[in-house]
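Given next are the chains, with one letter for each unit.
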Amino acid sequence: MMKNLPASINDAISAPGIYIGIMSGTSLDGIDVVAVSFEPKLQLHAHCSFELPALIKAQILTLCSSGEDEIEKLGHLDVGLGKLFAQCCLKLIKQSDLHLAVDNIVAIGLHGQTIRHRPDNSPKHNFSLQIGDANTVAEESGILTVADFRRRDIAAGGQGAPLVPAFHASIFHSNSCDRVILNIGGMANVTLLPADTQQPLLGFDTGPGNVLMDAWVQQHLGLAYDVNGDWASKGQINPVLLQKLLELPFFSQPIPKSTGREQFNLAWIELALQSLSDNTRPVDVQRTLLELSAVTICQEIQKHKFANAGLYVCGGGAHNQLLMTRLQQLLPSGKSVSSTADLNLDPDWVEATAFAWLARQTLLGLSSNCATVTGARGERVLGAIFQA
Ligand SMILES: Nc1ncnc2c1ncn2[C@@H]1O[C@H](COP(=O)(O)OP(=O)(O)OP(=O)(O)O)[C@@H](O)[C@H]1O
Ligand SMILES: [Mg+2]
């Protein structure tokens, strides 16, 4: 038991119990909520993806770039999202056929909604901002909530991201073979898991996952995303555009590195397109954006000599058939690309499960960042605790 925690928290964590993880990522495709337990082994008890109301989505997007009256808007959205996150947790508990009760839940691990991620803009004042007030979540749900995971790592000189590699290592590591866990969300991030635990654990963002493809198909076809990569598959790669996009310094930047919508957005694509002929077909741009994600992911895997490791994909991009095919083709022949379902965790619930695990680490007083991943001065206990 931890000495510096109130008795009620120590009681809660001394019994193996169920944790809720809640994740709403950069794609703004929904709020993923899971109820999981970790003892004796990982078990997914319930899961649901809740819709993000259109108004809230628009408000988040507004705050993702600079604008007027930001503090007022941020304050309102912070509390509004806190209420919404709490409702999602309570709905999951209610609809689960496992008769989960609030009292059975040890804690909620809340990522919050990122509205700004500036890990390297100014070395002296790096920051990463996730909103969705954890006080409100704890108050409205009646469940102890752990949140604000990134900022302690940043305070310790790290990028604050990615935070999932320690979790990946704890459940996906193999003693017999190297593995790569690839999360394709809005951004794409890899965790490189060497079989030999004497080797450092590495993890970083490779660049765009779905975010550019989503923005482009939204603009041209009014769709939230290109289902299975069907539209992209009708286009041709534009090599000039691809080359231009690949020139972005981020792609050759050494690790540690992480990124966000600040770097990868529609304005960046439009700028690159300005130097191309006017008759560039939108469908070809879509195909090129898919290629950009695939190439930059594979380049990084190869650069770090993990091209022969088993590759396991998670995140929504795992459903993009064309993207999966391109990853397979770009990596050494004969290597199959699987999803984390082959490691017993459905690719759609890995990220939310990671935040449930991160909450548990906090309550146990254990660190959850990896200094080799984020570049922090050392390992730290992340997150702040908001009692029920
Ligand atoms: N059937 C599908 N075909 C193609 N793309 C899909 C499909 N299903 C989901 N996606 C993509 O996955 C995205 C959502 O992925 P995910 O929820 O993992 O990202 P995220 O919310 O940004 O998470 P994070 O930032 O934590 O990685 C969608 O926006 C879409 O681009
Ligand atoms: Mg999502």
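Here, the structure is the one placed above.
Residues numbered from 1 in each chain as written. Chains lettered and ligands numbered in written order. Predicted model: local features only at pLDDT ≥ 70, side-chain atom pairs only at ≥ 80, totals over all residues. Heavy atoms only, no water.

*Asks:* Go over the overall build of the protein chain, please, and point to the residues and values.
*Replies:* A tally of regular secondary structure across the protein chain gives 13 helices and 13 strands. Taken over the C-alpha trace, the protein chain has a radius of gyration of 20 Å; the compact-globule value for 388 residues is 21 Å, and the two agree within 12%. Considering only C-alpha atoms, the protein chain reaches an extent of 65 × 55 × 45 Å along its principal axes. Here the protein chain, with 388 residues, has 55% of them falling under the buried criterion. Of the contacts formed within the protein chain by residues at least 6 apart in sequence, a portion of 69% connects residues at least 24 apart. Here the protein chain displays about 16,900 Å² of accessible surface, and carbon together with sulfur accounts for 50% of that area. (Helix = DSSP H or I, 4+ residues; strand = E, 2+ residues; numbered from the N terminus. Rg over C-alpha atoms; globule rule 2.2 N^0.38 Å. Buried < 20%, exposed > 50% of the residue type's maximum accessible area, 1.4 Å probe, protein only. Contact = heavy atoms within 4.5 Å. Areas by Shrake-Rupley, 256 points an atom, 1.4 Å probe, with all protein chains shown as cover.)

*Asks:* Provide a residue-level description of the site of ligand 1, including the pertinent values.
*Replies:* Taken together, 21 residues lie around ligand 1, and Ser27, Gly186, Asp214, Asn228 and Gly316 are the ones closest in. Side-chain polar atom of Ser27 to an oxygen atom of ligand 1: 2.7 Å apart, as the coordinates give it. The contact in question runs from an oxygen atom of ligand 1 to an N or O atom on the backbone of Gly316, over 2.8 Å. Expressed as a share of its isolated accessible area of 650 Å², the protein-covered part of ligand 1 is 88%. (Near = heavy atom within 4 Å. Polar contact = N/O pair within 3.5 Å; in protein donor to acceptor, adjacent residues only side chain to side chain.)

*Asks:* Tell me about the pairing of strand E3 (residues 43–50), and please be specific about residues and values.
*Replies:* Relative to E3, strand E2 (residues 31–37) runs antiparallel, the two sharing seven bridges. Bridge assignment links Ser37 to a residue of E3, and that residue is Gln43. The loop that links E2 with its antiparallel partner E3 comprises five residues. (Pairing = 2+ DSSP bridges.)

*Asks:* Talk me through the environment of Leu110; I want residue IDs and the actual numbers.
*Replies:* Within the secondary structure, Leu110 sits in strand E4 (residues 105–110). Measuring from C-alpha to C-alpha, the distance between Leu110 and Glu291 comes to 33 Å, with 181 residues separating the pair along the chain. The residues contacting Leu110, other than those within four sequence positions of it, are Ile22, Phe85, Gly132, Ala134, Val137, Thr145, Val146, Ala147, Asp148 and Phe149.

*Asks:* An account of the layout of surface pockets is requested, with residue identities and associated values reported.
*Replies:* The computed volume of the second largest pocket comes to approximately 280 Å³. Contributing to the lining of the second largest pocket are 18 residues, with Asp78, Gln130, Ile131, Gly132 and Asp148 lying nearest its centre. At the level of secondary structure, the elements contributing two or more residues to the lining of the second largest pocket comprise helix H3 (70–95), strand E6 (127–131), helix H4 (134–141) and strand E13 (384–386). In terms of residues, the lining of the second largest pocket owes the most to one element, E6, which gives four residues. For the lining of the second largest pocket, a count of residues per class yields eight nonpolar, six polar and four charged. (1 Å grid on protein atoms, 1.4 Å probe; cavity = no way out; pocket = protein on both sides within 12 Å on 5 of 7 lines; lining within 4 Å. Points joined across faces, edges and corners; volume = space filled by probe spheres on them. Nonpolar A, V, L, I, M, F, W, Y, C, P; charged D, E, K, R; others polar.)

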